[in-house]
Amino acid sequence: MVVSCLDYCNALYFGISQKLLLQLQQIQNAASKLVMGKYKYSHMNDDLNTLHWLTIKKRIIFKVALLVYKSVNGLAPPYLYELFGFVSHGSSVRLDVPRTQTK
């Protein structure tokens, strides 16, 4: 349950501060200890690898990469697919990502 909550909209976490990233990682570490049956102060060793879980930072990067892959290959919903375009320059094709303004 905790892991699915961490994964929910995790692409929106891209670019968050190190402090928030560390807090999310601590939540994931606590969840892995719970699943592995370890105590709070037990050393983690390689619990995340044993469970085949990515760290929070890697999960975020994976989710963004997956959304881009699906958008480029037409597997994403139309509102994402329509954001991207391709620009040809001679023999090479480049992905064109529109600029957006943030506050």
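The rules behind each value
- Residues numbered from 1 in each chain as written.
- Predicted model: local features only at pLDDT ≥ 70, side-chain atom pairs only at ≥ 80, totals over all residues.
- Heavy atoms only, no water.
- 1 Å grid on protein atoms, 1.4 Å probe; cavity = no way out; pocket = protein on both sides within 12 Å on 5 of 7 lines; lining within 4 Å.
- Points joined across faces, edges and corners; volume = space filled by probe spheres on them.
- Helix = DSSP H or I, 4+ residues; strand = E, 2+ residues; numbered from the N terminus.
- Nonpolar A, V, L, I, M, F, W, Y, C, P; charged D, E, K, R; others polar.
- Polar contact = N/O pair within 3.5 Å; in protein donor to acceptor, adjacent residues only side chain to side chain.
- Contact = heavy atoms within 4.5 Å.
- Expected span 1.5 Å × (residues − 1).
- Buried < 20%, exposed > 50% of the residue type's maximum accessible area, 1.4 Å probe, protein only.
- Axes fitted to C-alpha atoms, helices over the stretch in contact; angles between N-to-C directions.
- Parallel < 35°, antiparallel > 145°, perpendicular 65-115°, else oblique.
- Salt bridge = Lys/Arg side-chain N within 4 Å of Asp/Glu carboxyl O.

Looking at the layout of surface pockets
The space that makes up the largest pocket amounts to roughly 350 Å³. Around the largest pocket sit 13 residues that line it, and Val64, Leu67, Val68, Leu80 and Phe84 are the ones nearest its centre. No other element matches helix α4 (residues 56-72), which puts 4 residues into the lining of the largest pocket. Looking at the lining of the largest pocket, its residues break down into 11 nonpolar, 2 polar and no charged.

Considerations on the side chain of Ser71
Inspection of the secondary structure puts Ser71 in helix α4. Only 2.8 Å separates the side chain of Ser71 from the backbone oxygen of Leu67, close enough to count as a polar contact. Residues contacting Ser71, with those up to four places away along its chain left out, are Ala76, Leu80, Tyr81 and Phe84.

Describing helix α2 (residues 18-36)
Because an α-helix packs 3.6 residues into every turn, residues spaced three or four apart end up facing the same way. Taking 1.5 Å of rise per residue, the 19 residues of α2 would be expected to cover 27 Å, and the 26 Å separating its terminal C-alpha atoms lies within 8% of that figure. Among the residues of α2, those classed as buried are Leu21, Leu24, Gln25, Gln28, Asn29, Ala31, Ser32 and Lys33. At the C-terminal side of α2, Gly37 shows a positive phi close to 75°.

Quick look at the environment of Tyr81
Counting through the fold element by element, Tyr81 comes out in helix α5 (residues 78-81). Take Tyr81: its relative accessible area is 41%, and that puts it in the partly exposed class. Sequence separation of Tyr81 and Ser71 is 10 residues, and the distance between their C-alpha atoms is 4.5 Å. Among residues more than four places away in sequence, those in contact with Tyr81 are Ser71, Val72, Gly74 and Ala76.

Topic: the packing of α2 against α4
Where α2 contacts α4, the two axes come as close as 9 Å, and the packing angle between them is 105°. Comparing the axis directions of α2 and α4 gives the class roughly perpendicular. For the pair α2 and α4, contact is made by Leu21, Leu24, Gln25 and Gln28 and by Ile56, Lys57, Arg59 and Ile60, respectively. Class assignment for the residues of the contact of α2 with α4 results in 4 nonpolar, 2 polar and 2 charged.

What to know about the pattern of salt bridges
Following the criterion strictly, the structure yields 2 salt bridges and no others. Linking Arg59 and Asp7 is a salt bridge whose minimum nitrogen-to-oxygen distance equals 2.6 Å. Taken as a pair, Arg59 in helix α4 and Asp7 in helix α1 (residues 2-7) lie far apart in primary sequence, 52 residues in all. With a relative accessible area of 25%, Asp7 lands in the partly exposed category. As a salt-bridge pair, Lys38 and Asp47 come within 3.1 Å of each other at their nearest N and O atoms. The exposure class assigned to Asp47 is buried, which follows from its relative accessible area of 3%.

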